[in-house]
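As a plain string of letters, each chain reads:
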Amino acid sequence: MIQTKTVRGVATLVACLVHIAGSRAADEIVTIYPTYGYQKPAGWVIPMRLWVHERRDVAESAARKIAAEIKDTSPEELRHFRSRIADFLADSESREVVSFEFDRDPDSQQFQLCDSGGHPLKSDLNGLIEGSLRLTYQQAESLLIAQESPNRWLSGRVTSKGHSGRGKVQL
């Protein structure tokens, strides 16, 4: 228990120091949280939650080195720590607008999450964007056929100024 608290404390300290120092990110990522679309009279509604962020290799490396110095830490515990620490040390990107494209879209359309006035939503201070993507029944069927999706899963890519990510939605 003491080791776990020590690792958390050290990781938090390292994250703060790196944030102040302004480390460069190695990976610019948009995480697409799993989602399901549902039908409305006008078509499909796909609620989406996206996280725009950058990895901080310097912070991750420092946290891993400090964790490795803790006595009686097994290689398995270190691997687990590495897999968990990355998102806590990430730099969330605010005020980003993202575009979503479905794979093999015959119409090559780009979609955006928009507010009720039709203006593209921007990521908040935590790098999050939440909104709904809408497809007509014809668009959805065309995409399902193009992607040869028997289980009604659609895959696609999200992009924003240098950030990208892949994800799936199920209708």
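The preceding data block contains the structure.
Attention here is on the structure that accompanies the text. (Residues numbered from 1 in each chain as written. Predicted model: local features only at pLDDT ≥ 70, side-chain atom pairs only at ≥ 80, totals over all residues. Heavy atoms only, no water.)

## Quick word on the environment of Leu 128
Stated formally: Each helix is a run of DSSP H or I of at least 4 residues and each strand a run of E of at least 2, with the numbering of both proceeding from the N terminus. Any two residues whose heavy atoms approach within 4.5 Å are treated as being in contact.
Within the secondary structure, Leu 128 sits in strand E7 (residues 128-135). The spatial distance from the C-alpha of Leu 128 to the C-alpha of Thr 31 is 9.4 Å, given a sequence separation of 97 residues. In contact with Leu 128, other than residues within four places in its own chain, are Tyr 33, Arg 49, Leu 50, Trp 51, Lys 122 and Ser 123.

## Topic: the side chain of Ser 160
Using the following cut-off: Throughout, exposure labels follow a simple rule: accessible area from a 1.4 Å probe, protein chains only, divided by the maximum for the residue type, with under 20% read as buried, over 50% as exposed, and the rest as partly exposed. Any pair of nitrogen or oxygen atoms within 3.5 Å is treated as a polar contact; in protein, a donor-acceptor pairing is required on top of that, and neighbouring residues in sequence qualify only through side-chain atoms on both sides.
For Ser 160, the location among the structural elements is in strand E8 (residues 153-160). In this structure Ser 160 comes out as buried when scored by relative accessible area, which is 6%. A distance of 3.0 Å separates a polar atom in the side chain of Ser 160 from the backbone oxygen of Val 97.

## Things to note about the packing of aromatic side chains
We describe a pair of aromatic rings using the distance from one ring centre to the other and the angle between the two ring planes. Quick reminder of the rule: Working definition: a ring pair exists when centres of Phe, Tyr or Trp rings (six-membered ring for Trp) sit within 6.5 Å. Plane angles under 30 degrees give stacked, over 60 give edge-to-face, the rest tilted.
Tallied over the full model, the rule gives 3 aromatic pairs. Each ring, one from Phe 100 and one from Phe 102, has its centre 4.8 Å from the other, and the planes form 75 degrees; the classification is edge-to-face. The burial state of Phe 100 is the same as that of Phe 102; both residues are buried. On the basis of an interplanar angle of 75 degrees and a centroid distance of 5.6 Å, the ring pair of Phe 102 and Phe 111 is categorised as edge-to-face. The two residues Phe 102 and Phe 111 agree in class, both being buried.

Spatial relationships are all this shows, so hold off on functional conclusions.
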